[in-house]
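What follows is each chain in one-letter form.
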Amino acid sequence: MSTQKPIRRTTAPQITRRKGGDPIVSLTSYHAHTAAIVDEYADFILVGDSLGMVMHGMESTVGVSLELMIMHGKAVVRGTKKALVVVDMPFGTYEESPSEAFRNAARVMKETQCGAVKLEGGVRMAETINFLTERGIPVMAHTGLTPQSVNVMGGFRTQGRDEDTWAMHEADARAVADAGAFSIVLEGMVEPLAARITSQIPIPTIGIGASPECDGQILVLEDMLGLNPTPPKFVKVYGNLGGQIEAAVKAYADEVKARKFPGEEQVYR
Ligand code: KIV
């Protein structure tokens, strides 16, 4: 008799089978508490390397380390039960060779117990995606605006404004799908291009700033909760957590300064 527990989480192949069906819901999360809330509603949770900017105040995702991704990946897996957890491969840990990518992605999978990894790049990463998937690592691809290449691109710019670039973006998406990626994030892309790609490939497209033409959407949780004072233009902000936190901290500080020491009168008498 097997002592293994049955897998109850959403799996990468289940995400692939959602192509063209009900829209796929996804958000980022970097820690256990928020992940537990998101888990109720999201098909997959991305431990994005955007955590470098959101959690650690970095200027871009370039400085994020594998250790940081593993630490936050563990927290999100511990906090969740249902959603597929996807962990980003950070810059410099997968581009050099397929075997380097396998070594680091396997470490992410083993140490976090996540269900898949994500990496940036199209045609140039196809060989690596194939190498990983053939060895048991589900890969979500990420094309269009790829933030890890910010220093080459010279900024975060919407992709596909020039129609001459569409063929290149379409080739990227086809290459990662052919290589075995189970889905693909399309970031910062004009709507007609996102629509063309979504209709051309057999895996779900997950848009972020890439229009409702995709098979699903992902947002950075802190952006949609109102914690980022300057969220990207395309983000609908559903909460005002920044304002609420500030009001709560101010109320607390005022009470302590007035020697009220809120809550303390209830205990240790
Ligand atoms: O790191 C991240 O949060 C991401 C999303 C923007 C897709 O890659």
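Conventions used here
- Residues numbered from 1 in each chain as written.
- Predicted model: local features only at pLDDT ≥ 70, side-chain atom pairs only at ≥ 80, totals over all residues.
- Heavy atoms only, no water.
- Axes fitted to C-alpha atoms, helices over the stretch in contact; angles between N-to-C directions.
- Helix = DSSP H or I, 4+ residues; strand = E, 2+ residues; numbered from the N terminus.
- Parallel < 35°, antiparallel > 145°, perpendicular 65-115°, else oblique.
- Left-handed = near helix turned anticlockwise from the far one by under 90°.
- Contact = heavy atoms within 4.5 Å.
- Nonpolar A, V, L, I, M, F, W, Y, C, P; charged D, E, K, R; others polar.
- Near = heavy atom within 4 Å.
- Polar contact = N/O pair within 3.5 Å; in protein donor to acceptor, adjacent residues only side chain to side chain.
- Areas by Shrake-Rupley, 256 points an atom, 1.4 Å probe, with all protein chains shown as cover.
- 1 Å grid on protein atoms, 1.4 Å probe; cavity = no way out; pocket = protein on both sides within 12 Å on 5 of 7 lines; lining within 4 Å.
- Sits in = over half its atoms within 2 Å of the grid points.
- Core = buried A, V, L, I, M, F, W, Y, C linked by side-chain atoms within 4.5 Å.
- Buried < 20%, exposed > 50% of the residue type's maximum accessible area, 1.4 Å probe, protein only.
- Salt bridge = Lys/Arg side-chain N within 4 Å of Asp/Glu carboxyl O.
- Domains from an automatic or database assignment.
- Pairing = 2+ DSSP bridges.
- Expected span 1.5 Å × (residues − 1).
- Patch = residues over 30% accessible without salt bridge, like charges linked within 9 Å, V, L, I, M, F, W, Y side chains within 5 Å.
- Points joined across faces, edges and corners; volume = space filled by probe spheres on them.

## So, the packing of helix H5 (residues 98-112) against helix H6 (residues 126-134)
Between H5 and H6, the shortest axis-to-axis distance is 9 Å and the interhelical angle comes to 45°. The orientation of H5 with respect to H6, classified from their angle, is oblique. Seen from above, H5 lies across H6 with right-handed handedness. Counted together, Pro98, Ser99, Ala101, Phe102 and Ala105 of H5 and Glu127, Thr128, Phe131 and Leu132 of H6 form the full contact between these two elements. Residue classes in the contact of H5 with H6 are distributed as six nonpolar, two polar and one charged.

## Remarks on the site of the ligand
Lining the immediate surroundings of the ligand are 13 residues, of which Gly48, Asp49, Ser50, Asp88 and Lys118 lie closest. At 3.0 Å, a side-chain N or O of Asp49 approaches an oxygen atom of the ligand. In the environment of the ligand, an oxygen atom lies 2.9 Å from a nitrogen or oxygen atom belonging to the side chain of Lys118. Relative to its free-state accessible area of 260 Å², the ligand is covered by the protein chains to the extent of 96%. Among the detected pockets, the ligand sits in the largest pocket.

## Points about the nonpolar core
Of all hydrophobic cores here, the largest spans 58 residues; its most connected members are Met89, Val108, Val117, Leu119, Ile129, Ile184 and Leu186. The contact partners of Leu119, leaving out residues within four places of it in the chain, are Met89, Tyr94, Met125, Thr128, Ile129, Leu132, Val139, Met140, Ala141 and His142. Listed in part, the 14 residues of the second largest apolar core include Ile15, Ile24, Phe44 and Met140.

## With respect to the pattern of salt bridges
Using the criterion set out here, one finds eight salt bridges in the structure. The salt bridge partner of Asp215 is Lys19, with a shortest N-O separation of 2.8 Å. On the criterion of sequence distance, the pair formed by Asp215 in the loop between strand S7 (205-208) and strand S8 (216-219) and Lys19 in the loop between helix H1 (12-16) and strand S1 (24-28) is long-range, its members being 196 residues apart. By relative accessible area, which is 10% here, Asp215 ends up buried. With a closest N to O distance of 3.6 Å, Glu40 and Lys82 form a salt bridge. One end of the pair, Glu40, is in the loop between helix H2 (32-38) and strand S2 (44-47); the other, Lys82, is in the loop between helix H4 (66-79) and strand S3 (84-88), with 42 residues separating them in the sequence. The class for Glu40 is partly exposed, based on a relative accessible area of 49%. Classification of Lys82 as partly exposed rests on a relative accessible area of 39%. One salt-bridge network, held together by shared partners, links Glu67, Arg107 and Glu111.

## Description of unusual backbone geometry
Phi is positive for Ser211, close to 80°, though the residue is something other than glycine. Turning to its location among the elements, Ser211 is positioned in the loop between S7 and S8.

## Side note on the domain arrangement of the chain
Segmenting the chain into domains produces domain 1 (12-238) and domain 2 (240-269). Just the C-alpha atoms count here: the centres of domain 1 and domain 2 sit 39 Å apart.

## Points about the sheet that holds S2
Ordered in space as S1-S2-S3-S4-S5-S6-S7-S8, the eight strands form a closed barrel in which the pairing is parallel. Each strand of the sheet is rotated relative to its neighbour by a mean of 25°, with strand direction disregarded. Sheet analysis places S2 next to S3, joined by four bridges and oriented parallel. Paired with Val47 across the two strands is Val87, which belongs to S3.

## Digging into helix H8 (residues 166-179)
Here H8 spans 20 Å end to end across 14 residues, near enough to the 20 Å set by a 1.5 Å rise per residue. Where H8 is concerned, the buried positions are Trp166, His169, Glu170, Asp172, Ala173, Ala175, Val176, Ala177 and Ala179. Here the buried face of H8 lies against H6, strand S5 (139-144), strand S6 (183-187) and helix H9 (191-200).

## Thoughts on the environment of Ser183
By the element assignment, Ser183 lies in strand S6. When residues no more than four places from it in sequence are discounted, the contact partners of Ser183 are Ile15, Val139, Met140, Ala141, Ile203 and Pro204.

## Observations concerning a nonpolar patch on the surface
The grouping of Met53, Val54, Met55 and Phe156 at the surface amounts to a nonpolar patch, some 310 Å² of accessible area in total. Here Phe156 shows up in the loop between helix H7 (150-153) and H8.

## Regarding the layout of surface pockets
Considering only enclosed or pocket space, the largest pocket measures out at about 860 Å³ in volume. Where the lining of the largest pocket is concerned, the elements lending two or more residues are helix H3 (51-54), strand S4 (116-120), S6 and S8.

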